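Below, each chain spelled out in residue letters.
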Amino acid sequence: MSKRLRFSSLLAILLVAVLVLSACGGGSDSASNEQVLNMLEAQEPPGLDSAKTTDSVSFNILNNTMEGLYRIGQDGNPTLGIAAEEPQESEDKLTYTFKLRDAQWSDGKPVTAHDFEYAWKRALDPATASEYAYILYPVKNAEKYNTQNGTADEVGVKAKDEKTLEVTLESPIPYFKDLLGFPTYLPQRKDIVEKYGDKYSLEAGNLVYNGPFVLSEWKHNQNFVLKKNTGYWDVKTVKLEQINFDIVKDGPTGINLYTTNKVDVAPIPGEFVDKYKDHKEKINVEQSSSWYLEMNQTKPAFQNKKIRQAITLGIDRDKYVNEILKNGSIPATGLVPVDIKLNDTQKYRDVAKFDAVRFDPAEAKKLWAEGMKELNMDPNQAFELVGDDTTGAKRNLEYVKEQLRVNVGANVKITSVPFKERLQRGKDGKFDILLSGWGADFNDPMTYVDLFTTGNSFNRGKWSNPEFDALVKKSKNNANFEERGQDLIKAEKIFLEDYGVAPIYFRGLIFLEKPHVKGLVRHAIGPDYSYKWAYVEGKK
């Protein structure tokens, strides 16, 4: 690069930084207890249709602007939302009858049981093509309807009247109430969905809200704003008047915004961890989030088990978390993270222990050479590694690329794309290797193992194993919870020993957070944040 070009690029970066610093947040150095938070988001929300959306950014917005029968409480457990009281349960634990409280949408119309029935059946409708339809499969005949082997009328969700919702399950499951706070189980207004059609939920004004906040502004790829929903049934609990989010992909820019009091919370990127390791405003955040490499098994190279195993064995996970991430993440020892419970007394990972996921560069190189020879492929053939375009994601991709070069002998080319495009490329199978992550939707190993059943929409690499599928299917309907747990462990063992993905790390996060931020609830499982209980106090 010529000196002139380098100088011009530096000048452009400085100008952008100045503009971002002046435009973001709207924070002030003056003393104020104004109930406003200024936050950062690293990605543009792809869309807010709860029947279709699949990403954590959209889930966080929906969690704070919408409400289902339950929501995640301050302690991480389900707490009553639109349900006025705990449901009446049948003796066989298959039928639940919910009474709805008096609640309204942001346009003043009442929230009814029909809104729930409509939303669930819309997500299951094959025409909707919801990737998350399967999460409704515990409901009786939901899978049959979604797979065109049944009708909507047969699905076990019925509005008995405006305030009564009856739900019938296929079989008892230990995490049913956890599901009821998940975005796919949120209500929707049929008239609003039909009014906006393909544009539904793509703009702030193209949907209505029934949660603690409303999305009042949304400038795409720039910022969005949440404001208190004055019509929310529990509005007396909500103290914040407004939350401003600026979309900033660059970690150092986020730190600059924090240190200049433009934002109240900022993630600490890896290159700043040492600087802020003893900072009094640093906080560690636990997450039940698993990150891994998906290998596209529609392509001949990754149909070879030795190639998949070589990639798995070729990554030094200890070095990755300690020298690159430095954010409290830990090396992955499997697919299911350490926070997930097996039962009421045991953590899953304490019982399920395997040695398939390890670092063995000598074996990795051997397997790679053998696999490429079996495939009659050039060992130097280039493979595309796809990931996000944030500064942190790019550092992660560079590390993986170098690990596979040095420890495996693989020639990897990086493609960094915006978050929404990465999701779409995964869905369309447009990758060789995909750096992916999954956060727990509910506290049960099923939220992870179910992803990799044959035909699951989130099984991006298209790994498939009939024995694995049978164990997962059995576990979905097995009322013997002890046997069910052992079957899920067997299923994960099959998956790991066939190298369905290459697990890398279980994610932790670290932030800087201003002392005046109070009551901000972070969830290890489900959506990341709840602002319902947050407030500002003692701001200087």
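Residues numbered from 1 in each chain as written. Predicted model: local features only at pLDDT ≥ 70, side-chain atom pairs only at ≥ 80, totals over all residues. Heavy atoms only, no water.

As named in an unreviewed UniProt entry, the protein is Periplasmic oligopeptide-binding protein OppA, taken from Hazenella coriacea. The Sequence similarities (unreviewed entry) comment attached to the protein in UniProt states, word for word, "Belongs to the bacterial solute-binding protein 5 family." The record held by UniProt for the protein lists under Subunit (unreviewed entry) the comment "The complex is composed of two ATP-binding proteins (OppD and OppF), two transmembrane proteins (OppB and OppC) and a solute-binding protein (OppA)." (UniProt positions renumbered as here; feature names shortened; annotations may be inferred.)

Structural notes on the overall build of the protein
Helices and strands together make up the secondary structure of the protein, namely 18 helices and 21 strands. The C-alpha atoms of the protein give 24 Å as radius of gyration, which agrees with the globular expectation for 540 residues (24 Å, within 12%). By principal-axis analysis of the C-alpha atoms, the protein measures approximately 65 × 60 × 45 Å. Each of the 540 residues in the protein was classed as buried or not, and the buried ones make up 56%. Within the protein, contacts between residues separated by at least 24 positions form 69% of all contacts whose residues are at least 6 apart in sequence. In the structure as shown, the protein presents an accessible area of about 23200 Å², 49% of it carried by carbon and sulfur atoms. Put simply, the protein has 72 plus and 77 minus side-chain charges, and the middle of one group is 4 Å from the middle of the other. (Helix = DSSP H or I, 4+ residues; strand = E, 2+ residues; numbered from the N terminus. Rg over C-alpha atoms; globule rule 2.2 N^0.38 Å. Buried < 20%, exposed > 50% of the residue type's maximum accessible area, 1.4 Å probe, protein only. Contact = heavy atoms within 4.5 Å. Areas by Shrake-Rupley, 256 points an atom, 1.4 Å probe, with all protein chains shown as cover. Lys, Arg positive; Asp, Glu negative; His and termini not counted. Charge placed at Lys NZ, Arg CZ, Asp CG, Glu CD.)

Focus: the nonpolar core
Leu69, Phe98, Trp120, Leu165 and Tyr531 are the most contacted members of the largest nonpolar core, which has 109 residues in total. Two domains each put at least three residues into this core: domain 1 (36–244 + 514–536) and domain 2 (284–509). Those residues in contact with Tyr531 that lie beyond four places of it in its chain are Leu37, Met39, Asn64, Phe213, Leu240, Ile243, Phe245 and Leu520. Among the nonpolar cores identified, the runner-up in size contains 33 residues, and Tyr320, Leu385, Leu404 and Ile433 belong to it. (Core = buried A, V, L, I, M, F, W, Y, C linked by side-chain atoms within 4.5 Å. Domains from an automatic or database assignment.)

A look at the sheet that holds strand S9 (residues 223–228)
The sheet built from four strands is open, its strands ordered S1-S10-S9-S8 with mixed pairing. Each edge of the sheet is formed by a strand with only one pairing partner; in this case those strands are strand S1 (36–41) and strand S8 (213–219). Each adjacent strand pair in this sheet contributes to an overall mean axis angle of 20°, direction not counted. One ladder, built from six bridges, connects S8 with S9; its direction is antiparallel. The residue of S9 that forms the bridge with Phe213 is Lys228. (Pairing = 2+ DSSP bridges. Axes fitted to C-alpha atoms, helices over the stretch in contact; angles between N-to-C directions.)

Considering the sheet that holds strand S4 (residues 88–89)
A sheet is described by the order of its strands in space; here four strands give the open sequence S4-S5-S7-S6, paired in antiparallel fashion. Every interior strand has two partners, whereas the edge strands, S4 and strand S6 (157–161), have only one. Bridge count for S6 against strand S7 (residues 164–168) is four bridges, and the pairing is antiparallel. For Asp161, the partnering residue across the bridge sits in S7 and is Thr164.

Quick look at the pairing of strand S15 (residues 411–417)
Along any regular strand, the residues point their side chains to alternate faces of the sheet. In the sheet, strand S14 (residues 382–388) pairs with S15 via seven bridges, with the strands oriented parallel. Of the residues in S15, the one forming a bridge with Asp388 is Val417. Handedness of the crossover joining S14 and S15 through helix H14 (residues 391–407) is recorded here as right-handed. (Right-handed = clockwise from strand over helix to strand, strands pointing away.)

Points about the domain arrangement of the protein
According to the domain assignment, the protein consists of domain 1 (36–244 + 514–536) and domain 2 (284–509). For domain 1 versus domain 2, the separation of C-alpha centres amounts to 29 Å. Taken together, the contact between domain 1 and domain 2 spans 25 residues of the former and 30 residues of the latter. When domain 1 packs against domain 2, the two sides together hide about 2300 Å² of surface, and 61% of this comes from carbon and sulfur. Linking domain 1 to domain 2 there are one salt bridge. Here Glu131 and Arg460 are joined by a salt bridge, their closest N and O atoms 2.7 Å apart. At the surface where domain 1 touches domain 2, the tally comes to eight residue pairs in polar contact (both at pLDDT 80 or more). Grouping the constituent residues of the side of domain 1 that touches domain 2 by class yields 14 nonpolar, four polar and seven charged. (Buried area = accessible area lost by both parts, 1.4 Å probe. Salt bridge = Lys/Arg side-chain N within 4 Å of Asp/Glu carboxyl O. Polar contact = N/O pair within 3.5 Å; in protein donor to acceptor, adjacent residues only side chain to side chain. Nonpolar A, V, L, I, M, F, W, Y, C, P; charged D, E, K, R; others polar.)

Details of helix H13 (residues 361–375)
Each full turn of the α-helix corresponds to 3.6 residues, which orients residues three or four apart in the same direction. In this model, H13 (15 residues) spans 21 Å end to end at C-alpha, consistent with the 21 Å of a helix rising 1.5 Å per residue. Every buried residue belonging to H13 is among Ala364, Leu367, Trp368, Gly371 and Met372, and all of these are buried. Seen along its axis, H13 keeps its buried residues to an arc of 125°; they face one direction. Among the exposed residues of H13, those pointing more than 90 degrees away from its buried face are Ala362, Lys373 and Glu374. In the core, the buried residues of H13 are packed alongside helix H10 (305–313), S14 and H14. Asn376, located one to two residues past H13, shows a positive phi value of around 55°. (Expected span 1.5 Å × (residues − 1). Arc of directions from axis to C-beta.)

Remarks on the pairing of S9
Taken across its six residues, S9 has five buried, putting it largely inside the fold. What sits between S8 and S9 in their antiparallel hairpin is a turn of three residues, with Asn221 showing a positive phi close to 65°. In this sheet, strand S10 (residues 242–247) lies alongside S9 in antiparallel orientation, the contact comprising five bridges. The residue of S10 that forms the bridge with Leu226 is Ile243.

Looking at the UniProt feature "domain: Solute-binding protein family" (unreviewed entry) in the protein
Here, the residues flagged by UniProt with the feature "domain: Solute-binding protein family" (unreviewed entry) are residues 84–457. Between the end C-alpha atoms of residues 84–457 there is a gap of 34 Å, over a span that is 30% helix and 20% strand.

Some thoughts on unusual backbone geometry
A positive phi angle is found at Ala129, which is not glycine, with a value near 55°. Relative to the helices and strands, Ala129 is located in the loop between helix H3 (113–124) and helix H4 (142–146).

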